[in-house]
Amino acid sequence: MGQGGEPRRVQAYDGELGAAVARAQDGDETAFAVAYRIVQPGLLGYLRGLVGEDAEDVASDAWLEIARDLGRFKGDGAGFRGWTATIARHRALDHLRRQRVRPRTAAVLEQDVLDLPGPHSTHDQALESISTQRALELVRTLPRDQAEAVLLRVVVGLDGPSVARVLGKRPGAVRTAAYRGLKRLARQLGGPGADEGVTDGGPRTLGESK
């Protein structure tokens, strides 16, 4: 596990991602393709958690905006991951407003997306140990703030401050939401933390706020 609890895979890729983004900003189309390949799996997994089967269409809209505004981006690989997640989230919420539906978790999420390591904790390990279908069934029961925090941390691979920026919330509130969400998942799995009380109410859908 990387320092600061960041997933090893994400941490390793972010150096390559930052370099690719810098070259892409200089007009290197091949470098942009590299950045796309690194970011897209997690981004698509997060969008599937919000808009279900429409995720690929929303992702396409997001990438059009990302390509258009690439010259305005300033930051490293980790920052680019957060920036793209913010754009994707805005496009997803726009889509949901147009469709007049609530965010929902899709029935299927690629196994390699959920296999991305999360921060080093028993709750994350519990999430990683279960099947794709079971994971999504459990995430669907979380309040929306917890579900999004878990998806952005575990699927997209963002750190706490980056998740806070994407969601427009204070880092402390995001840490609490992610912790409660992962704790609840662990409790439902009967894993570590299963016997600890969770004070927030019963299960809700992803579309409902805390």
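Conventions we followed
Residues numbered from 1 in each chain as written. Predicted model: local features only at pLDDT ≥ 70, side-chain atom pairs only at ≥ 80, totals over all residues. Heavy atoms only, no water. Helix = DSSP H or I, 4+ residues; strand = E, 2+ residues; numbered from the N terminus. Buried < 20%, exposed > 50% of the residue type's maximum accessible area, 1.4 Å probe, protein only. Contact = heavy atoms within 4.5 Å. Areas by Shrake-Rupley, 256 points an atom, 1.4 Å probe, with all protein chains shown as cover. pLDDT = per-residue confidence, 0-100. Salt bridge = Lys/Arg side-chain N within 4 Å of Asp/Glu carboxyl O. Phe/Tyr/Trp six-rings, centres within 6.5 Å; stacked < 30°, edge-to-face > 60°. Core = buried A, V, L, I, M, F, W, Y, C linked by side-chain atoms within 4.5 Å.

(A) Representation of the overall build of the protein within the structure. In terms of regular secondary structure, the protein is built from 10 helices and 0 strands. Ordered by position from the N terminus, the helices and strands of the protein form the series α-α-α-α-α-α-α-α-α-α. Expressed as a percentage of its 210 residues, the buried residues of the protein come to 52%. For the protein, the proportion of contacts with a sequence separation of at least 24, taken over those separated by at least 6, is 69%. For the protein, the exposed surface amounts to about 10,000 Å²; the carbon and sulfur share of it is 48%.

(B) Inspection of the confidence of the model for the protein at higher detail. In this model, the protein carries an average pLDDT of 75, and 66% of its residues clear a pLDDT of 70 or more. Put simply, helix α5 (residues 111-114) is where the protein has its lowest mean pLDDT, 40, and helix α3 (residues 55-69) is where it has its highest, 95. Every residue in residues 105-124 scores below 50 in pLDDT, and together they form 59 contacts with partners more than four places removed in sequence or on other chains. Below pLDDT 50 for its whole length, residues 192-210 participates in 53 contacts with residues either more than four positions away or in separate chains.

(C) Just the pattern of salt bridges, in detail. Per the counting criterion, the structure on display carries 9 salt bridges. Arginine 91 is the salt-bridge partner of glutamate 65, the closest N and O atoms lying 2.4 Å from each other. Of this pair, glutamate 65 sits in helix α3 while arginine 91 sits in helix α4 (residues 77-99); the two residues are 26 residues apart in sequence, bridging distant segments of the chain. Where aspartate 69 meets arginine 72, a salt bridge forms, and the shortest distance between an N and an O atom there is 3.7 Å. Residues joined in a network through salt bridges with shared partners are Glu65, Arg91, Asp94 and Arg97.

(D) How the structure looks around the packing of aromatic side chains. By the definition in use, this model includes 5 aromatic pairs. For the ring pair phenylalanine 80 and tryptophan 83, a centre distance of 5.7 Å and an interplane angle of 40° mean the geometry is tilted. Placement of the pair is phenylalanine 80 and tryptophan 83 together in helix α4, with a separation of 3 residues, close to one helical turn. Judged by its relative accessible area of 0%, phenylalanine 80 is buried. Residue tryptophan 83 is classed as partly exposed on the basis of its relative accessible area of 22%. Here the aromatic residues Phe32, Tyr36 and Trp63 are joined through ring pairs into a cluster of three or more.

(E) Representation of the nonpolar core in the model. Ranked by internal contacts, the top residues of the largest apolar core, which has 40 residues, are Phe80 and Leu152. When residues of this core are traced back to their parent elements, those giving at least two are α1 (8-25), α2 (29-51), α3, α4, α8 (144-156) and α9 (160-167). By residue number, the principal contributor to this core is α2, which donates 11 residues. In this structure, Val139, Val150, Leu182 and Leu185 belong to the second largest nonpolar core, which totals 8 residues.

(F) Spatial organisation of the environment of alanine 19. Note that alanine 19 resides in helix α1. Among the residues examined, alanine 19 registers a relative accessible area of 36% and is labelled partly exposed. Spatially, the C-alpha atoms of alanine 19 and glycine 77 are 7.5 Å apart, while their sequence positions differ by 58 residues.

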